[in-house]
Amino acid sequence: MSTTTTGAPVRARGTTASHPPAGRRPRRREQQWPAYVFLSPWMIGAVVLTLVPMAVSLYLSFTDYNLFDPPHWVGLRNYTEMLTEDPRYWRSVGTTLLYVVIAVPLKLAFALAVAMLLKNLGRGRAFYRSAFYAPSLLGASMSIALVWRALFNDGGSVPHVLDAVGIHAGGWIGDPHLAVYAVVLLTVWQFGAPMVIFLAGLQQISPELYEAAALDGAGRWRQFVSVTVPMLSPVVFFNLVLEMIQSFQVFTPAFAISGGDGGPADSTLFYTLYLYERGFTASHMGYAAAMAWLLLIAVGVITLILFRTSRSWVFYADEEGR
């Protein structure tokens, strides 16, 4: 220990700093408890409404449970029956995959196209943005799905319009080859939510990038490919993940359009609709729980693949200087 000219003690070089007084730790804990109090409703809700039901459903997936009698442990029988003995299960998987592969790209493409039109629109942009967003709020309701069924059914407006232009397709709802596309069009019609996100992303792209591309002789299409798409790729990735997850869980449109049975000929037998049928119509709740867990695993794997592959096509502006 050395002293200064005033005689005050000075810490010698190389010595460690003293620990903060022990009284400060209880004070910090006292300052943190209000945060835990405000977080407690969410934490209790997450445990009671999410974690506990998930644990119960995982247990039920290994049982034979009909909602009335106590569950009976059967091990992996539900999973083996689902994967090896149930052809309707695989039809529901195929129908859902077909729907996801067609509906998600069309919905995102349509949302991006409308967002680019609204970006360059001067007056009335707020009105059109609200108008295009409205179907996203209404489209998931049962009433809209029933109206959609009436539009595409025999005698509906859509077959009449197609007949007027020389396309004699008849009612889509009763056609096994066209029924699923009625659900696809209903999903694409609800493009408002990703459109708003695309519009926000487009407004963040610097106009200087387009000016520089124009000086280099790039036309509109080249600017879109070389400037808009790379700069908007994080937003595209965000919308892609959200829409993919939502599409695997589609239920209300399929239930309303098919009348709840997945018809005609199981052409609208989506995964969640078949899960509902096995769980609540046939009272095979253990089987339905096993289906739900396989759906969770499948969506998780596909989401992980999207995140892994995003490294090769998603561009972040802050990575430019790395």
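Residues numbered from 1 in each chain as written. Predicted model: local features only at pLDDT ≥ 70, side-chain atom pairs only at ≥ 80, totals over all residues. Heavy atoms only, no water.

Caption draft 1: Region of interest: the overall build of the protein. The secondary structure content of the protein amounts to 13 helices and 4 strands. Scored against the burial criterion, the 322 residues of the protein give a buried share of 35%. For the protein, the proportion of contacts with a sequence separation of at least 24, taken over those separated by at least 6, is 66%. (Helix = DSSP H or I, 4+ residues; strand = E, 2+ residues; numbered from the N terminus. Buried < 20%, exposed > 50% of the residue type's maximum accessible area, 1.4 Å probe, protein only. Contact = heavy atoms within 4.5 Å.)

Caption draft 2: Quick look at the nonpolar core. Judged by nonpolar contacts, the single largest core of 68 residues is most densely connected at Y89, Y99, F198, F270, Y271 and M291. Per-element tally for this core: the top contributor is helix 3 (residues 87-119), with 12 residues. Contacts of F198, omitting those with residues within four sequence positions, involve L108, A111, L112, A115, L232, V235, V236 and N239. (Core = buried A, V, L, I, M, F, W, Y, C linked by side-chain atoms within 4.5 Å.)

Caption draft 3: A look at the packing of aromatic side chains. Under the criterion given, the structure shown has 20 aromatic pairs. Note on F62 and W73: the rings are 5.6 Å apart at their centroids and 25° apart in plane angle, and the pair reads as stacked. Linking F62 in the loop between helix 1 (24-60) and strand 3 (63-64) with W73 in strand 4 (residues 72-73), this pair joins segments that are 11 residues apart in sequence. Between W148 and W189, the ring centres sit 5.6 Å apart and the planes meet at 35°, which makes this aromatic pair tilted. In this pair, W148 is assigned in helix 5 (residues 142-152) and W189 in helix 7 (residues 179-189), connecting sequence segments 41 residues apart. Looking at W148, the relative accessible area reads 12%, which means it is buried. Here the aromatic cluster, defined as three or more aromatic residues joined through ring pairs, consists of F110, F127, Y128, F132 and F191. One cation-aromatic arrangement involves R278 over Y287; the distance from NZ or CZ to the ring centre is 3.9 Å. (Phe/Tyr/Trp six-rings, centres within 6.5 Å; stacked < 30°, edge-to-face > 60°. Lys NZ or Arg CZ within 6 Å of the ring centre and 35° of its normal.)

Caption draft 4: Inspection of the environment of L178 at higher detail. Relative to the assigned elements, L178 resides in the loop between helix 6 (157-164) and helix 7. Here the alpha-carbon distance between L178 and T268, two residues 90 residues apart in the chain, equals 9.6 Å. Once you skip the residues sitting within four places of it in the chain, L178 turns out to touch A169 and W172.

Caption draft 5: Representation of a nonpolar patch on the surface. On the surface, a nonpolar cluster with roughly 800 Å² of combined accessible area is contributed by I44, V47, V48, L49, L51, V52, M54, V56 and L296. Take the nonpolar patch: its biggest share by element is 8 residues, from helix 1. Here L51 is to be found in helix 1. (Patch = residues over 30% accessible without salt bridge, like charges linked within 9 Å, V, L, I, M, F, W, Y side chains within 5 Å. Areas by Shrake-Rupley, 256 points an atom, 1.4 Å probe, with all protein chains shown as cover. Salt bridge = Lys/Arg side-chain N within 4 Å of Asp/Glu carboxyl O.)

Caption draft 6: Layout of the packing of helix 4 (residues 125-138) against helix 8 (residues 192-203). Taken N-terminus to C-terminus, the directions of helix 4 and helix 8 make an angle of 145°; their axes are 7 Å apart at the nearest point. Together, R125, R129, F132, Y133 and S136 of helix 4 and G192, A193, M195, V196, L199 and Q203 of helix 8 make up the contact between the two elements. Within the contact of helix 4 with helix 8, the residues separate by chemical class into 6 nonpolar, 3 polar and 2 charged. (Axes fitted to C-alpha atoms, helices over the stretch in contact; angles between N-to-C directions. Nonpolar A, V, L, I, M, F, W, Y, C, P; charged D, E, K, R; others polar.)

Caption draft 7: Summary view of the side chain of E277. Position of E277 among the secondary structure elements: in helix 12 (residues 271-281). Judged by its relative accessible area of 16%, E277 falls in the buried class. Among the polar contacts made by the side chain of E277, one reaches the side chain of R88 at a distance of 2.6 Å. Apart from the residues within four sequence positions on either side, E277 is in contact with R88, D261, L269 and A282. (Polar contact = N/O pair within 3.5 Å; in protein donor to acceptor, adjacent residues only side chain to side chain.)

Caption draft 8: Structural view of the side chain of S258. As for its placement among the helices and strands, S258 is situated in helix 11 (residues 252-258). A polar contact is formed between the side chain of S258 and the backbone oxygen of A254, at a distance of 2.5 Å. Every residue in contact with S258, bar those within four places of it in the chain, is listed here: R149, G263, T268 and L273.

Caption draft 9: How the structure looks around the pattern of salt bridges. Counted according to the given criterion, the structure contains 6 salt bridges. Among the ionic pairs, D266 bridges to R88, the shortest N-O distance being 3.0 Å. Here R88 lies in helix 3 and D266 lies in the loop between helix 11 and helix 12, a separation of 178 residues in the sequence. Salt bridges sharing common partners tie together R88, R91, D266 and E277.

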